[in-house]
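So the chains spell out like this:
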Amino acid sequence: MWIKPEEVAPGTALWVTEDNNEFFRLQRRRGHGEGKGLAGLLVGTLDAMLDSGAKASPYRIVHEAGMQSYWAIATGGTREEIVVHWTWLEQNLLHTLSIFESSDDLTEFITGKIKGIIAEEQHGMKGEGNSGERFREATMRFCHLFAMPEAERLVTFVSCSYWKGRVPRHGWLYLSLNHACFYSFLLGKEVKLILPWVEVRCLEKKATVLFPEGVEVSTRDSVYHFSMFLNVGDSYGLMELLADRAARQLLDTDSIMELKKFCEDSTSSSASHDGFGLKGDLEAMERNYRYQLRFSLPRCENMQMEAECSLWLAVEKNHVQGQLYTSQSYLCFAASEDSLPSLVIPLREVVMIEAATNSNVLPNALAVITRGHLAFFFAFLRDRDRLQQHLIQAHMTAFVEANAVKSPLQLPQGPGSATRDVIKSVDGCDLDTTKMSDLAVTDGPVYKSTPALLNIFCRQGFEEPNSKLAKEVAKEEMWKIHFVKYGRGPCVYRIDSMRKLVQLGIPVRLRGELWLLFSGATHDLANHPHHYEELLEHSQGLASLVMEEIERDLHRSLPEHPAFQSELGIAALRRVLTAYAFHNPRIGYCQAMNIVTSALLIFADEEGAFWLLVSLCERLLPDYYSNRVVGALIDQGVFEELLREHLPTLHCRLMDLGFIATTSLSWFLTLFLSVLPFESATAVLDCFFFDGVAAIFRLALAVLHANASHLLMCHDDGEAMQLLSRYLDNVINKDSILPSVPHLHAILSADGKNQPTVDVYELIRAAEQKFSSVTFAIIERMRRKKRLEVVQSLEDATKRNVVRTISADHTHFSTSELEDLFHLFKVEYLHNTYWSSEQEKNSLCSHNPNLSYTMQYRLGRTHFQRLFQRLSPWPDGPHAACLTDRTFQIANRDGSGLVSFRDLIDVLGILYRGDLTERLRMIYKLHLVPMNIKAKVETETCLDYRAILKKWEQEKLDKERELKDLPKMNQAQFIQLCKTLYNLFGQEQNEQELYRAIAVVANLLLRIGEAGQRSLRGNPSFLWTPREGASLDVAHSFSNESNSTEGSCFQQAKACGAESGQASSNNASTTFLLFSSSAAQPPDCGILSDGAAEVEAANVDKSRSPSESGSAQQMTIRTLNQDGWTITCEQFLASLLTEPTLVTFFEQPIDVAAKICNAQASVLTHRLGPVDFCNLINH
């Protein structure tokens, strides 16, 4: 074991060196092992005389520090034990130690590394000693070092080395839910590093000559190397899991909320709080995800038990070794990864669970009997009794839930509404009794489920005896024999013989049933028997943009097939797509869904087709059908990697042509339905539902392999595309009894020449033979790596689109400035999603990922305020929080409590680069905004998008008018405006002149408002009474102010300003202000009430500014009557323009680049400190 490094004597008389290198020695204690001799006997006698605590281990490893200095770092009781440590040193440390020039630095590095390994081993032993206390200490250290909030959950921490250049820095790597953070303090130098998981572009485990086996983390700008892990495999697996979770969160806000809820549940359910619960729960989450995908189970199923056993195949009289898995409602068995046989038993189908009698054939076995009189025997179970009790309890729970689900559907009945007649969908209806009149589409409330369209539009294939029909009947007989041997229904064995039957082609009359079984849709259908009807009822009479898109694509769905040349097929397709849009609003509807759904309706009834579509979109092809087709793009990257591995020469040529992604994308999105004749594409669907997406990858590789020689001679991508199109058009299904439905592309591109044909089943068998190594497990591993690259590419594309869209409307900022601002906005958005308040969580839940690019990221109040304070053009002070909150209210146009990047740029564009009038109008407008308006939380319903588009158009018009037609400002708002202006000048060199100028403007505006008030009420209501000894010349009164134009306001203000300026110069010792001379603590940043407002006047010394005279004498407080007192924006502008000092102040340019740089630095220094920021920049 590793021991705390301690300096020891060379001990040449007591130890024999068995292996050594430049830095380490592996030594054996004399008297242990062979060849003892006299010295060995003496040492052995000495050891025997010592007590057990003082005995030396027979083996040790020492570090030779030079000058007869040795440090013991590891000991072992056997040679095998010590060799493990020796091998680790050779593989992880030996290649890097030569870079140290000083022996002292070398020794300090080695001892520090060994101490880190020991600490990691100690905190890695769950339940032993005070491991929980160590984890809490590590969590506190993590939050303190990197300024993380308590909401940032630490998952684990490991000892490793970070390579900065060619020098390793040994320290600790902290892995949290959202960040990977590294800290090291070695040789007097401190290193801190923060890597958000969302910035990770690539994560690889690799080893080179320079770097020992470790983990390489690549971001958009840098590459980071970590090595010398105690267990690099476990650390890499956890890092990969966390990076993958972060990538999923960028794609879907539902994942963010799901992860938050998971963390809360993990915290509340962890009784021991030893710190390891979150790591274990994350790993369990990943196991559940793989379990659900492997057996095509609902997402609510969580794996509860796993046991090694063997499945007894009575037909074949043999045992199959594998793993048994249990969850809430299912019992599953798998022989090994991606191999057959496999088995899924819904507990609702089980009638008996009992321990089988022990025998030589079935030792320690458990018997499970189902309703179909099938008996399944699982033998060689180590803990059979515990498993039996667990299954009995789960079976009882599943039985109760199944009975609850089967309760009759309660339809709403109220005044004026008739009960809808819900007719159960037909499963395998009689061809002779199905009539078109019975399935007529009506506009009334009655809904009649449509059976498989095959039974209506393709009857002649079953009525005319021919060789194809004979083959079809033979296939049906083969399947019947298989069902007799291995069962039929949800509990059927999935074995190699079934795969061979699938590759021969599923009979058309069994296709719908088997597709439901293979995809797992049969489980959804059984668990939610009335869900489809409820969705149709809910969607009836509603209109939305999604439904318009569906309507537009209905007649583009297999238009060459007779079923979709009839209103019956179109109506069924409409209902299924609409139901799914309401079932999963996050996806709604995406192009290509209509083509796939059309094929499903041919062979399955409406409800079955709906659940097949659910399984397809949410399990078999995750993230395929979204507005950004992320899943398809990820699989395109995986396909390119597989092509590079299996057909390297062809891959190079196709990459030169830029051909792979543009062509194969449609193959995956439509499952070859858009490129193959329909009867051939259905054979592909057979394999897809049985083998999953691996069948599509294998077939795509087989198509390219079959055309490799011709593709290598193509000169451009157009020629290659035409070549493959002709090939796919001539892939035929010779055994199909369905009427030939040529693909539309084949009809349009037919040139009259006879092309060689290819049988689709021969192509499928060739794909299986040549590319059988392409399994689902390999695809999943490659998907995880490619997901990081694709998500980062999409984020880059989002940034470019946002910048391009906004730069077209705003000329205030350059492209580089917009990119930097967007990055800052995104960082705050991520913080918002990680650590938002409860109110902001509700807003995030209502976030729609299908919004435009500029609306993808939005900030809540707290995080907007933090970002805006970093970017604010005004100096920091007591007014900053008030102005920031008012700015949020201006930017939050829709009242949702969320501000988009475009909204932020609209405000910053005026404050940074707007002209004088625009800036002053914005300041004026900020003080018209009420404070602390509660955000309106949107509910996730099907919205009328026509109304939304009209609302957007109206908001655009309002935005153009709002800065022109601003309302009048009352006296309370004016007081707040004066306080704001007063606080803006605290850091200016000409501070005194600015204070005097704003005093003049404020006095002038008060008199203007008073004049307007008198004109409305006919009597003076505003009187200034200075303290004894003070004087002020008020010579003018104004009338008829309410209808004055900006020009007349300016002339009036100029005249009054001249008078006020004269009075101010003659009586410089007295300046009347609307705010306290002590500006550091304003009374209130909110809007004052509509009642009386308090006005304070400061007697300011001529030689000092108001900020310098904190003890200035206060004037007598008078009450201002607000009734009718108002000023207009034009009056405010005209009055301020009379003071050149203020004009110069508000016209001075703002260095946007410096503001952005300071904001970026403040984010990092908040986390890393000012010293580490420089280190990070150099890094």
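In this report, the structure presented in the accompanying data block is examined.

Considerations on the overall build of the protein
Link 1 in the chain: Helix and strand counts for the protein come out as 43 helices and 27 strands.
Link 2 in the chain: Relative to its 1179 residues, the protein shows a buried fraction of 54%.
Link 3 in the chain: Long-range pairs, those at least 24 residues apart, make up 70% of the contacts in the protein between residues at least 6 apart in sequence.
Link 4 in the chain: For the protein, the exposed surface amounts to about 52,500 Å²; the carbon and sulfur share of it is 52%.

A short note on unusual backbone geometry
Link 1 in the chain: With phi around 55°, K317 is a residue other than glycine that occupies positive phi space.
Link 2 in the chain: Overall, the relative accessible area of 61% leaves K317 in the exposed class.
Link 3 in the chain: Positive phi, normally seen in glycine, also occurs at V629, with a value near 40°.
Link 4 in the chain: Relative to the elements of secondary structure, V629 occurs in the loop between α19 (606-620) and α20 (630-646).
Link 5 in the chain: Classification of V629 as buried rests on a relative accessible area of 17%.

A look at the sheet that holds strand β5 (residues 69-76)
Link 1 in the chain: Taken together, the five strands give an open sheet; going across it, the order is β1-β5-β4-β3-β2, and neighbouring strands pair in antiparallel fashion. Of all strands in the sheet, those with a lone pairing partner are β1 (2-8) and β2 (15-20), marking the two edges. The average angle at which neighbouring strand axes cross in this sheet is 30°, direction not considered.
Link 2 in the chain: Where β2 and strand β3 (residues 24-29) come together, five bridges link them in antiparallel fashion. In the sheet register, D19 faces β3, and the bridge partner there is L26.
Link 3 in the chain: Against the sheet, helix α2 (residues 79-92) makes contact with β1, β2, β3, β4 (59-66) and β5, and its axis sits at roughly 125° relative to β5, the strand it touches most.

Brief notes about the side chain of E679
Link 1 in the chain: Position of E679 among the secondary structure elements: in helix α23 (residues 678-691).
Link 2 in the chain: Buried charge without a salt bridge: E679, with K468 as the nearest opposite-charge side chain at an N-O distance of 7.5 Å.
Link 3 in the chain: Contacts of E679, omitting those with residues within four sequence positions, involve N733, S736, P739, S740 and V741.

Some remarks on the pattern of salt bridges
Link 1 in the chain: Evaluated as defined, the whole model comprises 38 salt bridges.
Link 2 in the chain: A salt bridge links E828 to R866, with the nearest nitrogen and oxygen atoms 3.4 Å apart. Here the residue E828 occupies a position in helix α30 (residues 815-835), and R866 occupies one in helix α32 (residues 861-871), the gap between them amounting to 38 residues.
Link 3 in the chain: Among the ionic contacts, a cluster of salt bridges with common partners joins E199, R201, R220 and D796.

Let's talk about helix α7 (residues 277-295)
Residues that lie three or four places apart on an α-helix share one face, since the helix turns once every 3.6 residues.
Link 1 in the chain: Between its first and last C-alpha atoms α7 spans 27 Å; for 19 residues at 1.5 Å apiece the expected length is 27 Å, and the two agree.
Link 2 in the chain: Following α7 by one or two positions, S296 adopts a phi angle in the positive range, close to 55°.

Examining the nonpolar core
Link 1 in the chain: Formed by 125 residues in total, the largest nonpolar core has its most connected members in W479, F518, M593, Y625, W667 and F689.
Link 2 in the chain: It is helix α24 (residues 693-706) that provides the largest number of residues to this core, a total of 11 residues.
Link 3 in the chain: In this structure, L175, L867, L911 and V1163 belong to the second largest nonpolar core, which totals 116 residues.

A few points about helix α16 (residues 545-553)
Link 1 in the chain: Those residues of α16 that fall on the buried side of the exposure criterion are M547, I550 and D553. Taken down its axis, α16 places every buried residue within 130° of arc, on the same side.

Comments concerning the packing of aromatic side chains
Any two aromatic rings considered together are summarised by their centre-to-centre distance and by the angle between their planes.
Link 1 in the chain: According to the stated counting rule, one finds 39 aromatic pairs in the structure shown.
Link 2 in the chain: With a centroid separation of 6.4 Å and 35° between ring planes, the pair formed by Y162 and Y224 is classed as tilted. With Y162 in strand β6 (residues 154-164) and Y224 in strand β12 (residues 223-227), this residue pair connects regions lying 62 residues apart in the sequence. Both residues of the pair, Y162 and Y224, belong to the buried class.

So, the pairing of β3
Along any regular strand the residues' side chains alternate between the sheet's two faces.
Link 1 in the chain: Most of β3 sits inside the fold, with five of its six residues counted as buried.
Link 2 in the chain: In textbook terms, the turn of a hairpin is the stretch between consecutive antiparallel strands, and for β2 and β3 this stretch comprises three residues.
Link 3 in the chain: Looking at chain direction, β3 and β4 are connected through five bridges and run antiparallel. Across the sheet, the residue bridging to L26 is I61, located in β4.

Considerations on the environment of N892
Link 1 in the chain: Here N892 lies in the loop between α33 (880-891) and β23 (899-900).
Link 2 in the chain: Residue N892 is classed as buried on the basis of its relative accessible area of 10%.
Link 3 in the chain: Along the chain, N892 and D903 lie 11 residues apart, while their C-alpha atoms are 7.5 Å from each other.
Link 4 in the chain: Setting aside residues no more than four positions away along its own chain, N892 makes contact with G897, L898 and V899.

Considerations on the sheet that holds strand β15 (residues 330-334)
Link 1 in the chain: Strand order in this open sheet of seven strands is β16-β15-β14-β13-β19-β18-β17, and the pairing throughout is antiparallel. With one partner strand each, in any of the chains shown, β16 (342-346) and β17 (350-355) form the two edges of the open sheet. Across the sheet, the axes of successive neighbouring strands diverge by a mean angle of 30°, strand direction being ignored.
Link 2 in the chain: Of the strands in this sheet, β14 (318-326), β15 and β16 touch α7, which is tilted by about 80° from β15.

The rules behind each value
Just so you know, the residues in each chain are numbered from 1, in the order the chain's sequence is written. Since the coordinates come from a predicted model, pLDDT governs what is reported: local features require at least 70, and pairs of side-chain atoms require 80 or more to be given and counted, while whole-chain, interface and lining totals use all residues. The side-chain quantities take in all heavy atoms of the structure and omit both hydrogens and water. Counting from the N terminus, the helices are DSSP H or I runs at least four residues long and the strands are E runs at least two residues long. In this scheme, a residue with accessible area under 20% of its type's maximum is buried, one over 50% is exposed, and one in between is partly exposed, where area comes from a 1.4 Å probe on protein chains only. Throughout, a contact is declared for two residues whenever any of their heavy atoms are within 4.5 Å. Here the open area of atoms and residues is found with the Shrake-Rupley method and a 1.4 Å probe, where only the protein chains shown may cover a residue. A pair of strands counts as paired when DSSP detects no fewer than two bridges linking them. Whenever a helix is involved, its axis is fitted only over the stretch in contact; in every case the axis is a line through C-alpha atoms, and angles between N-to-C directions fall within 0 to 180 degrees. Charge assignment in this entry is limited to Lys and Arg as positive and Asp and Glu as negative, and neither His nor the chain termini are counted. The rule for a salt bridge is simple: a side-chain nitrogen of Lys or Arg has to be within 4 Å of a carboxyl oxygen of Asp or Glu. By definition here, a helix of n residues has an expected span of 1.5 Å times n minus one. As used here, the term nonpolar core means buried Ala, Val, Leu, Ile, Met, Phe, Trp, Tyr and Cys residues forming a set that is joined through side-chain atoms within 4.5 Å. An arc is given here, and it is the one of the directions from the helix axis to the C-beta atoms. Two aromatic rings, drawn from Phe, Tyr or Trp (for Trp, its six-membered ring), form a pair once their centres lie within 6.5 Å of each other, and the interplanar angle then sorts them: stacked below 30 degrees, edge-to-face above 60, tilted otherwise.

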